Amino acid sequence: MRSSPRFLDGFFQNTAAVGPGLKPGTAFSTMGEYLFGGRDRTPPGPLPVENPLATWARPVDTGLRATWLGHSTVLIEIDGLRVLTDPVWGKRVSPWSFAGPKRFHPVPVTLSQLPPLDAVIVSHDHYDHLDHPTILELARMNVPFYTSLGVGVHLEAWGVPPERITELDWWESATLPRGELRITAAPSQHFSGRGLGDRNRTLWSSFVLESPRHKVFFSGDTGLTPEYGDIRQRLGPFDLVMLEVGAYHPAWGDIHLGPENALKALELLGGGVFLPVHWGTFNLAIHAWDDPAETLLRLGEEQRVRLMMPRLGAPLEPSRVEAVEPWWRSVRATSEDEGSVASAVDSAG
């Protein structure tokens, strides 16, 4: 950690002069808005979830398949290997089991139902990316972890053997013990910490998966940074790009993307099929729960972006994606229909 160019006086830093947390002068108003403001921040009904087990049992014809399991958790099948990103199966993303943002929907499968994994990636140590109960269960499986500098301390404390942990600084790579897959940590613009006393004590990263036939980019959490152009030059182009689009607000616009900046980041990365993550699972912002999807669908159509927005648990091969089905609208439509029926019954009574 001390030898990292990003580590200074005991703390990791972004390349740009971007601090952690809210922009100066916005803390009081933003926290009040977060606690008491916003509309439709949670879905009005259960989200549609598919069971991927039958599809996972079949070979991947094109060699690349991705299954969004909620928030930033994606199972990536790439040329015969399986990689799980930022696994979160917990009911809340919080230091407490009884309070904090609660999951909108169950995960499409249990951890025990996952196919054998070849690697787990943890981008940084925030609660919605590094989940204590999930790691406790994964620690009992014989799977290696690839993560950012310093995060291995948490993993080892929770039972992951140190020989199964590989920490990477930006631009450092590691090759999986089985198969031809290289994992590289790359820049992001964010921050870290799980409490008041450990802010920026560990690193945050994006990650690139590279096999002989395919390349996949996973953003973790990030704001818009010109370093994405460097990633394109050094590691691109990409068959699949996974970027965070949810939990955005002007007050923390330097450390999260949101839909508009995600599309700018996609352009810097050189394009590719775009799978948006970090939305539709937890109430972490002030915007409506489906606002990232609606905004991205509108802007993506205008800019002719190849969007991949599957239902939760639906495995898709990026090269075979043709059009987006706005499945999230069915949740609001069902709720409105039920409300109309209830009103009609009340009126008749």
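Analysis parameters
- Residues numbered from 1 in each chain as written.
- Predicted model: local features only at pLDDT ≥ 70, side-chain atom pairs only at ≥ 80, totals over all residues.
- Heavy atoms only, no water.
- Helix = DSSP H or I, 4+ residues; strand = E, 2+ residues; numbered from the N terminus.
- Contact = heavy atoms within 4.5 Å.
- Buried < 20%, exposed > 50% of the residue type's maximum accessible area, 1.4 Å probe, protein only.
- Axes fitted to C-alpha atoms, helices over the stretch in contact; angles between N-to-C directions.
- Nonpolar A, V, L, I, M, F, W, Y, C, P; charged D, E, K, R; others polar.
- Lys, Arg positive; Asp, Glu negative; His and termini not counted.
- Salt bridge = Lys/Arg side-chain N within 4 Å of Asp/Glu carboxyl O.
- Polar contact = N/O pair within 3.5 Å; in protein donor to acceptor, adjacent residues only side chain to side chain.
- Phe/Tyr/Trp six-rings, centres within 6.5 Å; stacked < 30°, edge-to-face > 60°.
- Lys NZ or Arg CZ within 6 Å of the ring centre and 35° of its normal.

A. Looking closely at the overall build of the chain. When its secondary structure is counted, the chain shows 8 helices and 14 strands. Long-range contacts, defined here as pairs at least 24 residues apart, represent 69% of the contacts in the chain between residues at least 6 apart.

B. Geometry of helix α5 (residues 227-235). Residues of α5 that are buried include every one of Glu227, Tyr228, Gly229, Ile231 and Leu235, and no others. Each element contacted by the buried residues of α5 is listed here: β10 (182-186), β11 (206-210), β12 (215-218), β13 (240-244) and α6 (258-268).

C. Structural context of the packing of α5 against α6. Viewed as axis vectors pointing N to C, α5 and α6 meet at an angle of 35 degrees, and their least axial separation amounts to 8 Å. Facing Tyr228, Gly229 and Arg232 of α5, the residues of α6 in contact are Ala265, Glu267 and Leu268. Considered class by class, the residues forming the contact of α5 with α6 number 3 nonpolar, 1 polar and 2 charged.

D. Representation of the side chain of Asp125 in the model. In this structure, Asp125 sits in the loop between β6 (119-122) and α3 (132-138). Although buried, Asp125 forms no salt bridge, and the nearest oppositely charged side chain, Arg194, lies 5.9 Å from it. One polar contact links Asp125 to Thr202, side chain to side chain, over a distance of 2.9 Å. In contact with Asp125, not counting residues within four places along its chain, are Leu130, Val151, His154, Ser192, Gly193, Arg194 and Thr202.

E. α6, seen in detail. Residues of α6 that are buried include every one of Gly258, Pro259, Asn261, Ala262, Leu263, Ala265 and Leu266, and no others. Tucked inside the fold, the buried residues of α6 contact α5, β13, β14 (273-277) and α7 (291-302). Gly270 lies just past α6 and shows a positive phi near 95 degrees.

F. Just the packing of aromatic side chains, in detail. Counted under the stated rule, the structure contains 8 aromatic pairs. With a centroid separation of 5.8 Å and an interplanar angle of 35 degrees, the aromatic rings of Trp279 and Trp327 are classed as tilted. In this pair, Trp279 sits in the loop between β14 and α7 while Trp327 sits in the loop between α7 and α8 (329-348), placing the two residues 48 residues apart along the sequence. Since its relative accessible area comes to 5%, Trp279 is described here as buried. Joined through ring pairs, the aromatic side chains of Trp68, Trp279, Trp327 and Trp328 make up one cluster. Seen from the ring of Tyr127, Arg194 lies directly overhead, with NZ or CZ sitting 4.0 Å from the centre. Here Arg234 stacks its cationic end above the ring of Trp171, 3.8 Å away from the centre of that ring.

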